[in-house]
Amino acid sequence: MQKEAKTWMQRAEVTNSRKPALNAKIKAYSRARQIYLELHDTLSATNTLKTIADLHLGENDLAIAKKELLEVLNTYQSIRFPQLYYTYDLLRAVCKAQGDIAGEIFYAIRMIKTTDSVQTDIGDLTYFNIRMAEAYRDAGMNERSLVYTKKAFDLSRSRSNSLPPILAASAYGLDLVGNDSPARAVTILSPFYKGETKADTIAKVHADYILCLAYTALKKPDLAEQSGLSCVTLAESFYSHHSDIFTHHAMVLFYAGLSEAYILHREFKKAEWYLNRIHFDRSVPNYLIDLRRWAFDRARIDSGMERFDSSLYYFQLYKVYSDSLYGIAKTVHFTEINTKYETEKKDKDLLLLQKENRLQQEQAQRSRFARNTMIGGILLLLAFSILIFNRYRIKQRLAARLEGQKQEILDKNTTLEKLLHENEWLLREVHHRVKNNLQMVTSLLQSQSVFLTDPKAVDAVAESQSRVQAMALIHQKLYSNVAVSTIDMQDYITDLIDYLRDMVRPDQRIIFDIQIEKVSLDVNQAIPIGLILNEVITNSIKYAFYDIPDPRIRVWLRKMQDQKIELFAADNGQGLPPGLDVHAGNSFGFRLIQGLAEDLEATLTIVNNGGVEYFFSFQATAFPPLT
């Protein structure tokens, strides 16, 4: 019978996976599985059922596929089969196809946790991290997605990795664009277009799509259009024979990416033409993140074509989808907390059980000692034995009282720890909301600047946009940091300078001398510092380096004695115009810098000598330890 099962397996493997041959393929696998069950070969039978479920998933028979995969998972667990990550990955894919984002993230987390306890091939580990990031990205949680694509990208550079490097690079590039680092995404993907790395068709489609997004974010419409057209042309050819939900999701991304490139080019008719090629079929689940992006692009196109009523309608629809995504993200967060709590609870229960076992053994040893002592000395020292026994009873009562007090303390500590976690979570959600609102203000300012013709008005809006972004970056750091009330200034100032370098004049080559010590500051001091640096660096980039062959900007932040902080920013440009009195208040930028210095209670010194130097000295509220 073993030979017969092998024959049915071979017949199934050579049968075409497309209809109408698919039914014959599934029947052959099912027959092989039945023989394995009769032979009591549980592992082979379960592996075959997993293959059948994978075929059902490919044909969008999602309910059948999920039922079969859950049966596979239960059987694997009952026989203690360790490599469960492939099954969790298939369940993740089923939930994704059903539009169940919370379920998708749940199984993706299980998949990653399984790799922690089982030795995993580097190529598989890279793939699993890409899928974990994809699940968070589907929920609109770009910060968490970036963590896993960074891991995948680092793993992909190993020589023993069997996965094509462009897949991890594309996923990492996508999350860099989603987290406001488009220039870094272009740098990572560029080698794949210079013959340094071979890329297949599907990988090149995704790389072209990400380059289209990156160039759009960098405001390079010609390059964005070129990459977008290449992506759509290849995708329409490659996906022409596919009709599953994953293909539909991919085409939504590609058409929307090219449409955004044309919006940047202000070619709204072309943008509308490609956006109209997206069709949402109500008979199958649609991803909320796709619907949100489509509604936002539709609102921008209608606004650009002066269809303001329609633009307002689609913008309100975009807000509805955004709120729905926030609800999903909150559900996912609770799921992660639940998983962590259950794991910690199991560990604590195990430790408590071990401790109780030790106490019982110690108690048994004391009882035997007391009994032997009484039997040995009962004839000679009866009174002494009674006294010992009495003292033993006193110790028992004392031990019971101490055990009760100990348990009461443990219960109070558990309650306080739970309250602390809840308060930290609430504070993170506040920062998350503030960051989202500030990013919405930035998007509105960006949309408004498209319709402005006065250069001064455009500059004013752009400066406001960078100021808002400097504050939004603070709340993004607070949301993602372990500490929810202090900012790592080294990390924050570096990210702020990278943002200003990309946004103000990305084509100008300026050397930055950045020396920031490892210092944490309270958010009330970090925000004024960020706004001050935003003003100083923006002014230097825009006005200081006309005919300067080697432009250079220096930024130093040092921690002195007695909790004193010194901030120094300077450029080697032309300096301030002759006769300009920075204390007269004629410039809004200088007024803002002086006002922020007063908020910090800082001494401000401005030196105009071969460039402009700003020196601030102020007292820090605290120096909490960096972790």
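Since the structure is predicted, the reported quantities are computational estimates derived from the model, not experimental observations.

**Remarks on the side chain of Thr114**
Right, on to step 1. Locating Thr114 in the fold gives a position in helix α6 (residues 101–117).
Right, on to step 2. Among the residues examined, Thr114 registers a relative accessible area of 10% and is labelled buried.
Right, on to step 3. In contact with Thr114, not counting residues within four places along its chain, are Pro82, Leu84, Tyr85 and Tyr88.

**A word on the sheet that holds strand β7 (residues 612–619)**
Right, on to step 1. Spatial ordering of the open sheet is given by β2-β4-β5-β7-β6, a layout of 5 strands whose pairing is mixed. Strand pairing shows two members of the sheet lacking a second neighbour, β2 (511–516) and β6 (603–608), which therefore form its edges. Averaged over neighbouring strand pairs, the angle between their axes works out to 5° when direction is ignored.
Right, on to step 2. Along the sheet, helix α19 (residues 489–503) makes contact with β2 and β4 (552–559), crossing β2 at roughly 165°.
Right, on to step 3. The strands that helix α21 (residues 588–600) touches are β6 and β7; relative to β7, the one it contacts most, it runs at about 20°.

**A word on the confidence of the model for the protein**
Right, on to step 1. Mean pLDDT for the protein: 81, with 83% of residues reaching 70 or above.
Right, on to step 2. Summarising per-element confidence for the protein, the mean pLDDT is lowest in helix α18 (residues 455–480) (69) and highest in strand β5 (residues 564–571) (93).
Right, on to step 3. Here residues 623–627 scores under 50 on pLDDT; set against residues more than four positions off or in separate chains, the count is 11 contacts.

**Here we look at the pairing of β7**
Right, on to step 1. In this sheet, β7 lies alongside β5 in antiparallel orientation, the contact comprising 7 bridges. Bridge pairing links Ala570 to Glu613 in β7.
Right, on to step 2. Strand direction decides the pairing type here: β6 and β7, joined by 6 bridges, are antiparallel. Looking across to β7, one finds that Leu604 is bridged to Phe616.

**Some remarks on the packing of helix α3 (residues 42–58) against helix α5 (residues 85–97)**
Right, on to step 1. Packing of α3 against α5 leaves a shortest axis separation of 11 Å and a crossing angle of 20°. Judged by the angle between their axes, α3 and α5 are roughly parallel. In the crossing of α3 with α5, the sense of the turn from one axis to the other is left-handed. Of α5, the residues touching α3 (which contributes Lys50, Asp54 and Leu57) are Tyr86, Thr87, Leu90, Ala93 and Val94.
Right, on to step 2. Grouping the constituent residues of the contact of α3 with α5 by class yields 5 nonpolar, 1 polar and 2 charged.

About the thresholds
- Residues numbered from 1 in each chain as written.
- Predicted model: local features only at pLDDT ≥ 70, side-chain atom pairs only at ≥ 80, totals over all residues.
- Heavy atoms only, no water.
- Helix = DSSP H or I, 4+ residues; strand = E, 2+ residues; numbered from the N terminus.
- Buried < 20%, exposed > 50% of the residue type's maximum accessible area, 1.4 Å probe, protein only.
- Contact = heavy atoms within 4.5 Å.
- Pairing = 2+ DSSP bridges.
- Axes fitted to C-alpha atoms, helices over the stretch in contact; angles between N-to-C directions.
- pLDDT = per-residue confidence, 0-100.
- Parallel < 35°, antiparallel > 145°, perpendicular 65-115°, else oblique.
- Left-handed = near helix turned anticlockwise from the far one by under 90°.
- Nonpolar A, V, L, I, M, F, W, Y, C, P; charged D, E, K, R; others polar.

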